[in-house]
Amino acid sequence: MANPSLAADCPRCGLRTARFVDHCRNCGYKLWPSGEMASAAFQAWRAADPDRTLASRFDLQIPHSVDNTVDFAARAHELGIHLFPNSNWPIIICLGALLLGFAAIPFPSAPRIALAVIGGLIFLYGVAGWVLVEDVRMYPSDSAGPGTEVHH
Ligand SMILES: [Zn+2]
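In this report, we go over the structure that sits alongside the text.

So, how was this worked out
Residues numbered from 1 in each chain as written. Predicted model: local features only at pLDDT ≥ 70, side-chain atom pairs only at ≥ 80, totals over all residues. Heavy atoms only, no water. Helix = DSSP H or I, 4+ residues; strand = E, 2+ residues; numbered from the N terminus. Buried < 20%, exposed > 50% of the residue type's maximum accessible area, 1.4 Å probe, protein only. Contact = heavy atoms within 4.5 Å. Areas by Shrake-Rupley, 256 points an atom, 1.4 Å probe, with all protein chains shown as cover. Donors = N, O, S within 2.8 Å, 3.2 Å for Na, K, Ca; no water. Patch = residues over 30% accessible without salt bridge, like charges linked within 9 Å, V, L, I, M, F, W, Y side chains within 5 Å. Salt bridge = Lys/Arg side-chain N within 4 Å of Asp/Glu carboxyl O. Polar contact = N/O pair within 3.5 Å; in protein donor to acceptor, adjacent residues only side chain to side chain. Phe/Tyr/Trp six-rings, centres within 6.5 Å; stacked < 30°, edge-to-face > 60°.

### Some details on the overall build of the protein
Then, number 1: From N to C terminus, the protein includes four helices and two strands.
Then, number 2: Evaluated residue by residue, the protein yields a buried proportion of 20% over its 152 residues.
Then, number 3: Here the analysis covers contacts within the protein between residues at least 6 apart in sequence; of these, 38% occur between residues at least 24 apart.
Then, number 4: Surface summary for the protein: the accessible area is close to 10900 Å², and the carbon and sulfur share equals 64%.

Structure follows, in structure tokens:
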């Protein structure tokens, strides 16, 4: 198990192929007497080194886990793109709109008025929260003193 390579040159066609798959990927030449043997050899090879745990029999190279998480906020700031901060207020606004929608159904008038009032209040609460509270935090006015700046 000293050979660290996952790929080998096929003895028949000479092309690169996975070493622990029993047939050559290019010409179908039988590299191993059986698939079970190839699999057992692969498992022994993989167990020999903890770096090989991510490898698959079908890989030609040992894959390396790459941290490809992206901080989109930082990236957007770098590129000068304004991103709106995350907000839960639209959910409240939708809830209010839902109740207002129920109020539009021609039920007897008493429950419709109650629905319209409750829905309208929730809707306005959501709009106020989004526009008056968060928007102000998003675009702090110039008169805001030091320490009130919001980092996002
Ligand atoms: Zn071949």
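Further notes follow.
### Side note on the coordination of the zinc ion
Then, number 1: The coordination sphere of the zinc ion, as far as protein atoms go, consists of C10 (SG), C13 (SG), C24 (SG) and C27 (SG), spread over 2.2 to 2.3 Å.
Then, number 2: Taken in chain order, the donor set of the zinc ion reads C-x2-C-x10-C-x2-C.

### Thoughts on a nonpolar patch on the surface
Then, number 1: Side chains of V70, F72, L79, I81 and L83 sit close together on the surface and give an oily, nonpolar patch of about 500 Å² of accessible area.
Then, number 2: Along the polypeptide, V70 turns up in the loop between α1 (35-47) and α2 (72-79).

### Concerning the pattern of salt bridges
Side-chain pairs of opposite charge can arise whenever the charged atoms involved come near each other.
Then, number 1: Scanning the model with the defined rule gives three salt bridges in all.
Then, number 2: Here K30 ties to D22 by a salt bridge, and the two come within 3.5 Å at their closest N and O atoms.
Then, number 3: A residue is classified by how much of its surface remains accessible, and D22, at 15% relative accessible area, is buried.
Then, number 4: Residues E78 and R75 are paired through a salt bridge, measuring 3.1 Å at the closest nitrogen-oxygen approach. With E78 and R75 both in helix α2, this residue pair falls three residues apart, about one helical turn.

### Some points on α2
Side chains of residues three or four places apart in an α-helix project in the same direction, reflecting 3.6 residues per turn.
Then, number 1: Its side-chain oxygen 3.2 Å from the backbone nitrogen of A73, D71 forms the N-cap of α2.
Then, number 2: Where α2 terminates, the next one or two residues include G80, which has phi positive at roughly 75°.

### Observations regarding the packing of aromatic side chains
Then, number 1: Per the counting criterion, the structure on display carries five aromatic pairs.
Then, number 2: A centroid spacing of 5.3 Å and a plane angle of 75° characterise the contact between W89 and Y125, whose relative ring orientation is edge-to-face. Of this pair, W89 sits in helix α3 (residues 89-103) while Y125 sits in helix α4 (residues 109-138), placing them 36 residues apart in sequence.
Then, number 3: Chaining the aromatic ring pairs together yields one cluster made of F20, W32, F42 and W45.

### Structural notes on the side chain of D22
Then, number 1: With respect to the secondary-structure elements, D22 resides in the loop between β2 (16-18) and α1.
Then, number 2: In terms of polar contacts, D22 uses its side chain to reach the side chain of K30, at 3.5 Å.
Then, number 3: Excluding anything up to four places from it in sequence, D22 contacts Y29, K30, L31, W32, S34, G35, A38 and R57.

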